[in-house]
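The chain contents come next:
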Amino acid sequence: MSDDELVDSLDTIHQALQTLTAAQLHVIREIDGRGLPIAQHASSTAVWLRERHRISIHAAKRLADLAKAVDERPALDTALIAGAVNAEQATVIANTVRDLPDDLGADLVDEAEAVLIGQAEQFEPTILRKAGERILAHVAPEIADARDAAALERQEARAWQTRAFQLTRLGDGRVRLTGWLDEAGAATVNAALDPLCAPRHDNDEPRTPGQRRADALVEVCDLATATERLPDNGGQRPHVMVTVPFELLQQQFGVGVLDTGGRLSPTQVRQMACDAQVIPAVLGGDGQVLDLGRTRRLISGSLRRALELRDRGCAFPGCDRPPRWCDGHHIRSWADGGPTSLDNSVLLCGYHHRIIHRGQWTVRLRAEDGRPEFIPPAYVDPRQRPRRNLYHHQT
């Protein structure tokens, strides 16, 4: 056989199989109508087919269902006999027609069936199923619009009613975030997080996409708590309270306790103290607060503005975070006696602030121009050559 003859033979066999399938379905429907499976003590026609022809129950049920469908839809039956549709396509069309609204009207149902039979010439079952999802818009757009609007309203109402957000401490230093948002709320969250989720520009991004999104969420909340627009919380602006004995903070060790009950390492406590409201407290032997001193703001006001003017954003090499996403970091720790001054401060985004507090990188101000430069650890650069941020400053 030539190539063309071989392909023609396959097409002929395929069409013959569809015709035989149509005949098989007619016989199955007649057997079902006469009640022969029940008479032979089978629980259903599908079970009877499974046992008689040793096919799976799923295949047997598809045959029984399609036999009923082509019996009810003569146009679909004719198309199957003629080979215009195959058995899989016929199943898709039958299911689509079955799921049309009960009040659609016979003429529109027939039109929908005819459109799908015509599309079967070019679409395989999966694509034909997707076309079937839009068939109502093709034959009755006004009905489709009304149904879609009603369905969308029900969906939105359910999403709004079931919205939720929980923070669950696992007891191992991690806090699990779970919850549900409606589409509008999720769009707002994505709009806030996406600009902060891009990988760093220095091609040395160690964070996974999930870690970047987690960091972005914290950065957004940091920005929110730094504004004057949030509602008061107990007579004060929203804040995070960390409790740690002041002497331990000065000694560079001691575990902090959040007002949520979570515990922080000394490194995290010292990082939070860099650009925070520090409230000195006299603690009794049992840890009770005996006296609260006056709130002292650290890097803020005119000093903060001067710092932003000098650094123009996160000063860490390669970082493009703008000033509003940054903390003021004491180069020499305030707890160690470091002054709160421009000469002892540097702007760092949340991610690089954590990097600096791990102690592997060193930051200092260059004598020539007073701008920050960073000394990398030896495993990054064995020669430990100073690096500067060239994103904000081109010279």
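Above this text is the structure in question.
In this text the structure is predicted, and so the values were computed from the model without any measurement.

(A) How the structure looks around the pattern of salt bridges. Taken as a whole, this structure holds 21 salt bridges when the rule is applied. Measuring nitrogen to oxygen at the nearest pair gives 2.9 Å for the salt bridge that ties Arg304 to Glu308. With Arg304 and Glu308 both in helix H15 (residues 301–311) and 4 residues apart, this pair spans about one turn of that helix. According to the relative accessible area criterion, Glu308 is partly exposed, its value standing at 26%. With a shortest N-O distance of 3.7 Å, Arg321 and Asp320 are connected by a salt bridge. By relative accessible area, which is 23% here, Asp320 ends up partly exposed. It is possible to trace a salt-bridge network through shared partners that takes in Arg366, Glu368, Asp369 and Arg388.

(B) Local environment of the packing of helix H3 (residues 45–53) against helix H4 (residues 57–72). In the contact formed by H3 and H4, the axes pass within 8 Å of each other and the chain directions differ by 125°. Our classification of the angle between H3 and H4 gives oblique. The chirality of how H3 crosses H4 is right-handed. Contacts from Thr45, Ala46, Val47, Leu49 and Arg50 of H3 reach H4 at Ile57, Ala60, Lys61, Leu63 and Ala64. Residue composition of the contact of H3 with H4, by class: 7 nonpolar, 1 polar and 2 charged.

(C) Examining the nonpolar core more closely. Among the nonpolar cores identified, the biggest contains 37 residues, and Leu25, Leu76, Val85, Ile93 and Leu100 are the most heavily contacted of them. Among the elements of the structure, helix H1 (3–34), H3, H4, helix H5 (74–82), helix H6 (87–98), helix H7 (106–119) and helix H9 (135–139) are those that each provide at least two residues to this core. With 6 residues, the top contributor of residues to this core is H4. Setting aside residues up to four positions removed in sequence, Leu76 forms contacts with Val70, Val85, Ala90, Ile93, Ala94, Glu113 and Ile117. Within the second largest apolar cluster, 18 residues are counted, among which are Leu303, Cys314, Leu348 and Ile356.

Calculation rules
- Residues numbered from 1 in each chain as written.
- Predicted model: local features only at pLDDT ≥ 70, side-chain atom pairs only at ≥ 80, totals over all residues.
- Heavy atoms only, no water.
- Salt bridge = Lys/Arg side-chain N within 4 Å of Asp/Glu carboxyl O.
- Helix = DSSP H or I, 4+ residues; strand = E, 2+ residues; numbered from the N terminus.
- Buried < 20%, exposed > 50% of the residue type's maximum accessible area, 1.4 Å probe, protein only.
- Axes fitted to C-alpha atoms, helices over the stretch in contact; angles between N-to-C directions.
- Parallel < 35°, antiparallel > 145°, perpendicular 65-115°, else oblique.
- Left-handed = near helix turned anticlockwise from the far one by under 90°.
- Contact = heavy atoms within 4.5 Å.
- Nonpolar A, V, L, I, M, F, W, Y, C, P; charged D, E, K, R; others polar.
- Core = buried A, V, L, I, M, F, W, Y, C linked by side-chain atoms within 4.5 Å.

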